[in-house]
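Okay, here's what each chain looks like letter by letter:
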Amino acid sequence: MNGKRRNDGDHARLSSAAQAAAKRGLIEEAERLYREALVTMPDDVFARHGLAISLYRQARASEALQEIIRLRTRDSTRSDFIGLEAAIRAATGDHHASLDLYRALAATGRISARQSLGMAQQLKTLGQFAAATSLLRSMIASDSTGDVALRAETWWTLADLKTGALTAGDRQIVAALLASPDSRGDARVHLHYALGQALDCCEEPDAAFDHFRSGADLLRRRSRYRAQDTTDRVETTMKALSRMTFAQRPPAPQLQATPIFVVGLPRAGSTLVEQILASHPAVEATMELVELPLLARSIGLEPPDCHPERLALLTTTQLRRLGEQYIERTRIYRKTARTIFVDKMPNNWFHAGLILAALPHARIVDVRRAPLATGVSAFKQLFARGQAFSYDLADLGRYYRDYVRLMRHVDTVAPGRVHRLVYEDLLDDPEGTIRALLEACDLPFADACLDFQATVRPVWTPSAAQVRRPLYADAREAWRAVDAHLEPMCAALGATLTDWR
């Protein structure tokens, strides 16, 4: 009896501590405490639910899915369980299942505003823009929660569909919300970016840029990003790569699957290149997968505990094991029998050396776009997570410069192993550029790759609408409309401003 009371007390203490850690954003600590609580009481629904959320927030979707399935087996009707499974299914790339869950929840009348936003995101991802617009409009019209933050995010989500400008009346409502004393923190960020998108669509570039800059300034003030950390990381990585030997790519795959890594800066055209590759009958597109960064973090190659010099110390056996782990962990995102798949995480350019060493059969496609075009497009985008460098013009320029330096060094130590695709070349010579891309990926030419906009698939990036259109060049020189604002970026780019190819 005394032992049971002691265990009950331990369980309550651990559960309370886990909840407190989660509220403070200490997600790894929360996971540890929830796991300890489940040791003392394995059937505790609260702790199991908290563990699933902790895993999901760490981008460990496959593990989170196992936990939520256990919960749903016990209770299939709880709306919070259904909503969490819908979010996790989306994170594993199972967007149709996610949308079905959201729709089932909506049919019960118990769907929350946050879950409705998740449903709108899935509609956008699946190309159902009219339905997404209708849902968001309905949420705005029926809002009775008084939650300014959610209202602001709903307006931004609507603007970020990029399928049509907000009306003049819409803009007045958003501006009034922005002027309200209740508009704080994330609400102000979302409202600034919503107005920025709206004014950009109305061809009022200077007014739009002012809102983008105001939203970015709010994000930059709370960010810990330091451009010097990226420069130091690149310098150390280059030194490590210089101490390594990279063999020529083997002629045939030996692993169960062959990844094509599409890397570069956000908004440089990587989603478009992914769409082209996904149109090939031998290739499966997945998502911007977090598995490689997570593996890199486990060996000290990712912030906050980043030691790039360790890359050169890895043995052949360790590298082979990392490659095997990557292939195994990405299995959940692969929904077809195709053995070639695309991993479109732009920031994987940091890990080009790790890819070449641990996954020698992989292909790397470096998608590059002119620096000012890339920088302005990134600066105007509110990203779901990460990309903290994009909220300051000087940081953007310096980041682009560091990216070019590292990728040129990769070309030096492993010549011919990275295929560079320049976005502007794709606009000027679509067929020639696409043929070269497919050849670099050891793929036969397929006419469907030229007609990529006809390929139906989920697209979960800010470019979801754009890649469903044929190639267009109207955004090519869009940065010139705000040229007067770009001196900080130009100064940070230095010689890379012109010498970027």
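Below or above, wherever it landed, is the structure these notes cover. Quick caveat: nothing in here was measured; it's all calculated off a predicted structure. (Residues numbered from 1 in each chain as written. Predicted model: local features only at pLDDT ≥ 70, side-chain atom pairs only at ≥ 80, totals over all residues. Heavy atoms only, no water.)

Before going further, it helps to examine the sheet that holds strand β3 (residues 340-343). With parallel pairing, the 5 strands of this open sheet are ordered in space as β2-β3-β1-β4-β5. For this open sheet the edge positions go to β2 (283-285) and β5 (418-422), each flanked by a neighbour on one side alone. On average, each strand axis in the sheet is tilted by 25 degrees relative to the strand beside it, whichever way the strands run. In this sheet, strand β4 (residues 363-368) lies alongside strand β1 (residues 258-264) in parallel orientation, the contact comprising 5 bridges. Of the residues in β4, the one forming a bridge with Val262 is Val365. (Pairing = 2+ DSSP bridges. Helix = DSSP H or I, 4+ residues; strand = E, 2+ residues; numbered from the N terminus. Axes fitted to C-alpha atoms, helices over the stretch in contact; angles between N-to-C directions.)

Moving on, we get to unusual backbone geometry. Pro304 follows Pro303 through a cis peptide bond whose omega is 10 degrees. Positive phi is not limited to glycine here, since Glu203 has a value of about 60 degrees. Mapped onto the secondary structure, Glu203 falls in the loop between α11 (185-201) and α12 (205-222). Given the relative accessible area of 70%, Glu203 is considered exposed. (Buried < 20%, exposed > 50% of the residue type's maximum accessible area, 1.4 Å probe, protein only.)

What follows covers the pairing of β1. Of all 7 residues making up β1, 7 are buried, and the element is well covered by its neighbours. By the alternation rule, side chains of β1 split into Thr258, Ile260, Val262 and Gly264 and Pro259, Phe261 and Val263, which are all buried. Examined bridge by bridge, β1 and β3 share 4 bridges and lie parallel to one another. Residue pairing for β3: Thr258 is matched across the bridge by Ile340.

Quick look at the environment of Pro303 now. Tracing the chain through its elements places Pro303 in the loop between α15 (291-298) and α16 (316-329). Judged by relative accessible area, which is 35%, Pro303 ranks as partly exposed. Sequence separation between Pro303 and Asp229 is 74 residues, and the spatial gap between their C-alpha atoms is 9.5 Å. In this view, Pro303 contacts Arg233 and Arg297; residues no more than four positions away in its chain are not counted. (Contact = heavy atoms within 4.5 Å.)

Take the nonpolar core next. Judged by nonpolar contacts, the single largest core of 109 residues is most densely connected at Tyr193, Phe261, Tyr326, Trp349, Leu354 and Leu486. For this core, the leading source of residues is helix α19 (residues 393-413), giving 9 residues. Setting aside residues up to four positions removed in sequence, Trp349 forms contacts with Val234, Val263, Gly264, Tyr399, Asp402, Tyr403, Leu406 and Met407. In this structure, Val262, Leu426, Leu427 and Cys441 belong to the second largest nonpolar core, which totals 23 residues. (Core = buried A, V, L, I, M, F, W, Y, C linked by side-chain atoms within 4.5 Å.)

Right, let's talk about helix α5 (residues 79-91) for a bit. If you check α5, its first and last C-alpha atoms are 18 Å apart, about what 13 residues at 1.5 Å a residue would give, namely 18 Å. Within α5, 11 of the 13 residues are buried, leaving the element largely enclosed by the surrounding structure. A positive phi of about 85 degrees marks Gly93, the residue just after α5. (Expected span 1.5 Å × (residues − 1).)

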